[in-house]
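Here's the letter readout for the chains.
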Amino acid sequence: MKFLRIGKAGQEIPVALDNEGKYRNLSSVIKDLNPESINFETLNKIKEIDLKSLEEINQNERIGPCISKPGNFFAIGLNYVEHAKETGAKTPENPVLFNKSVHSIVGPSDNIIIPKTSKKLDHEVEIAFVIGKKAKRVLEKDAQDYIFGYCICNDISEREWQKEKGGQWVKGKSGDTFGPLGPYLVTKDEIKDVNNLNLTLDVNGNRHQTGNTNQMIFNFNFLVAHITSFITLMPGDIVTTGTPPGVGLGMNPPVFLKEGDEMRLNVDSLGVQNSKVILEQ
């Protein structure tokens with residue numbers, strides 16, 4: 001199934017796509033797409049419903065982030081060999097794990113804000129997975145049993161804050177609007193092969209990033225097993241899994257996002273993000 005959240009910021013309602021691609025209001029079934037409803041029991045309940053019996057929602061409404069109030073938002077760095085090379089980093093022997101603030105999350109078409117003190121704002125097209133049940137010391141072979149679904153994430157990064165302000169990635173990755181998610185939260189059964197998905201990102205119509213999940217150093221199942229050997233993940237927790245090459249930092253000379261830039265992110269099976277870059281007021 002494909003889920004999304006529709007409406008003004010802070011007033012979104014949960015929606016599912018029916019088999020004709022129409023938006024159907026899930027408010028009579030769940031209050032929101034959040035840690036209380038993102039689980040396999042709720043999913044099975046929704047699958048038994050005739051979605052066409054639910055209210056149809058106007059598709060021209062704003063799409064919000066596909067998850068509300070997650071407990072954790074983790075990210076993996078340097079998970080594509082060519083991206084590690086372009087940033088001058090060594091290929092990691094273990095996953096590089098860091099936090100993004102949950103307060104950075106916005107919708108897939110919301111504006112990306114350049115903070116007043118930002119000098120080096122950058123883009124990163126990624127695929128995030130979302131946990132569907134408590135996950136602790138999960139075996140790699142069982143990892144998919146714990147993944148509810150997948151979505152697009154643009155891991156917006158302020159490179160000066162990330163690399164030149166004490167070496168703490170979390171502050172370079174957690175500014176307001178630095179975590180666009182969606183449009184859809186796509187359940188894993190909708191995806192034929194999650195290890196063979198194409199990712200692209202264009203800026204002002206020019207291709208910057210191209211990759212495929214078959215190029216990931218650490219695949220989705222390995223990441224679930226690795227992370228849960230240290231940290232318990234709970235329903236609704238998000239893990240975004242790294243970006244392919246083509247980021248602004250890796251260009252010669254580097255090219256960072258500026259006011260008026262328009263980004264388009266496209267991932268097989270997961271949809272499209274379109275966002276505009278604006279200056280903080």
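In what follows, the structure referred to is the one given above.
Described below are features of the structure shown in this document. Please read these numbers as outputs of a predicted model, since none were measured by experiment.

**Quick notes on empty space enclosed by the protein**
By the definition in use, this model includes 1 cavity of 30 Å³ or more. Of the volumes computed, that of the largest cavity is approximately 40 Å³. Lining the largest cavity are F3, I30, L33, S37, T42, L43, I46 and F148. Taken together, the residues of the lining of the largest cavity break down into 6 nonpolar, 2 polar and no charged.

**Here's the deal with helix 1 (residues 40–47)**
Buried within helix 1 we find F40, T42, L43 and I46. Buried residues of helix 1 fall within an arc of 155 degrees about the axis and therefore sit on the same side. Buried residues along helix 1 sit against strand 1 (2–6), strand 12 (147–154) and strand 15 (185–187). With a side-chain oxygen lying 3.2 Å from the backbone nitrogen of E41, the N-terminal cap of helix 1 falls on N39.

**With respect to the layout of surface pockets**
Volume-wise, the largest pocket comes out at about 190 Å³. Lining the largest pocket we find 15 residues, and of these R5, G10, E12, P65 and S68 sit closest to its centre. Partitioned by chemical class, the residues of the lining of the largest pocket number 6 nonpolar, 3 polar and 6 charged.

**Quick word on the side chain of R24**
Tracing the backbone through its elements, the reader meets R24 in strand 3 (residues 23–25). Reaching out from R24, the side chain makes a polar contact with the backbone oxygen of L54 at a distance of 2.9 Å. With residues near it in sequence (within four places) discarded, R24 still touches P14, V15, A16, D18, L51, K52, L54, E55, E56 and I57.

**Re the sheet that holds strand 9 (residues 112–114)**
With respect to topology, 5 strands assemble into an open sheet ordered 9-20-19-16-17, the strand pairing being mixed. Where the open sheet ends on each side, the last strands, each with one partner, are strand 9 and strand 17 (206–212). Averaged over all pairs of adjacent strands, the angle between strand axes in this sheet comes to 20 degrees, irrespective of strand direction. Sheet analysis places strand 16 (residues 198–203) next to strand 19 (residues 262–267), joined by 5 bridges and oriented antiparallel. The residue of strand 19 that forms the bridge with V203 is M263.

**Details of the packing of aromatic side chains**
Scanning the entire structure with this criterion turns up 7 aromatic pairs. Both rings, one in F98 and one in W169, keep their centres 5.1 Å apart while their planes meet at 65 degrees; by these two values the pair is edge-to-face. Separated by 71 residues along the polypeptide, F98 in strand 7 (residues 96–99) and W169 in helix 4 (residues 169–172) bring together distant segments of the chain. Looking at F98, the relative accessible area reads 8%, which means it is buried. For W169, a relative accessible area of 23% corresponds to the partly exposed category. Geometrically, the ring pair formed by W161 and F178 is stacked, given 6.2 Å between the ring centres and 25 degrees between the ring planes. Within this pair, whereas W161 is found in helix 3 (residues 159–163), its partner F178 is found in the loop between helix 4 and strand 14 (179–180), the two being separated by 17 residues in sequence. Taken individually, W161 and F178 each receive the classification buried, so the pair is uniform in this respect.

**Some words on the pattern of salt bridges**
Counted under the stated rule, the structure contains 20 salt bridges. We note a salt bridge from D155 to K100, for which the minimum N-O separation is 2.7 Å. You can see D155 sitting in the loop between strand 12 and strand 13 (157–158) and its partner K100 sitting in the loop between strand 7 and strand 8 (105–106), a full 55 residues away along the chain. The exposure classification of D155 matches that of K100, with both residues buried.

**Let's talk about the nonpolar core**
Membership of the largest hydrophobic core comes to 49 residues, with the highest contact counts inside it found for L4, Y23, I127, F129, Y150, M263 and L270. Ignoring sequence-local partners within four residues, the contact set of M263 consists of I112, H123, N154, I156, D202, V203, L257, Q273, N274, S275 and V277. I30, L43, C66 and L181 belong to the second largest nonpolar core, which has 25 residues in total.

Criteria and cut-off values
Throughout, a residue's number is its position along its own chain's written sequence, starting from 1. pLDDT decides what is reported in this predicted model: residues at 70 or higher carry local features, side-chain atom pairs at 80 or more are listed and counted, and totals for whole chains, interfaces and linings draw on all residues regardless. For the side-chain quantities, the full set of heavy atoms in the structure was used; hydrogens and water were omitted. Residues are said to line a cavity or pocket when one of their atoms sits within 4 Å of a point; the points come from a 1 Å grid over protein atoms alone, cavities being sets where a 1.4 Å probe fits but cannot get out and pockets being open sets with protein on both sides within 12 Å along at least five of seven lines. Grid points are joined across faces, edges and corners, and a volume is the space filled by probe spheres set on the points. Gly falls in the polar group here, along with every residue not listed as nonpolar (Ala, Val, Leu, Ile, Met, Phe, Trp, Tyr, Cys, Pro) or charged (Asp, Glu, Lys, Arg). Throughout, exposure labels follow a simple rule: accessible area from a 1.4 Å probe, protein chains only, divided by the maximum for the residue type, with under 20% read as buried, over 50% as exposed, and the rest as partly exposed. Note on conventions: DSSP H or I runs of at least 4 residues are helices, E runs of at least 2 residues are strands, and numbering of each starts at the N terminus. This arc is built from the directions going out from the helix axis to the C-beta atoms. It only takes one pair of heavy atoms within 4.5 Å for two residues to be counted as in contact. Within 3.5 Å is the distance limit for a polar contact, defined as a pair of N or O atoms, with the added protein rule that one can donate a hydrogen and the other accept it, and that residues adjacent in sequence qualify only through two side-chain atoms. Think of it this way: DSSP has to see at least two bridges between two strands before they count as a pair. Fitted lines through C-alpha atoms give the axes, limited to the stretch in contact for helices. The angle between two N-to-C directions lies from 0 to 180 degrees. Any pair of Phe, Tyr and Trp rings, taking the six-membered ring for Trp, is counted once the centres come within 6.5 Å. Such a pair is stacked with planes under 30 degrees apart, edge-to-face with planes over 60 apart, and tilted for the rest. Think of a salt bridge as a Lys or Arg side-chain nitrogen and an Asp or Glu carboxyl oxygen that are within 4 Å of each other. For this analysis, a nonpolar core means a set of buried residues of the types Ala, Val, Leu, Ile, Met, Phe, Trp, Tyr and Cys, connected via side-chain atoms within 4.5 Å.

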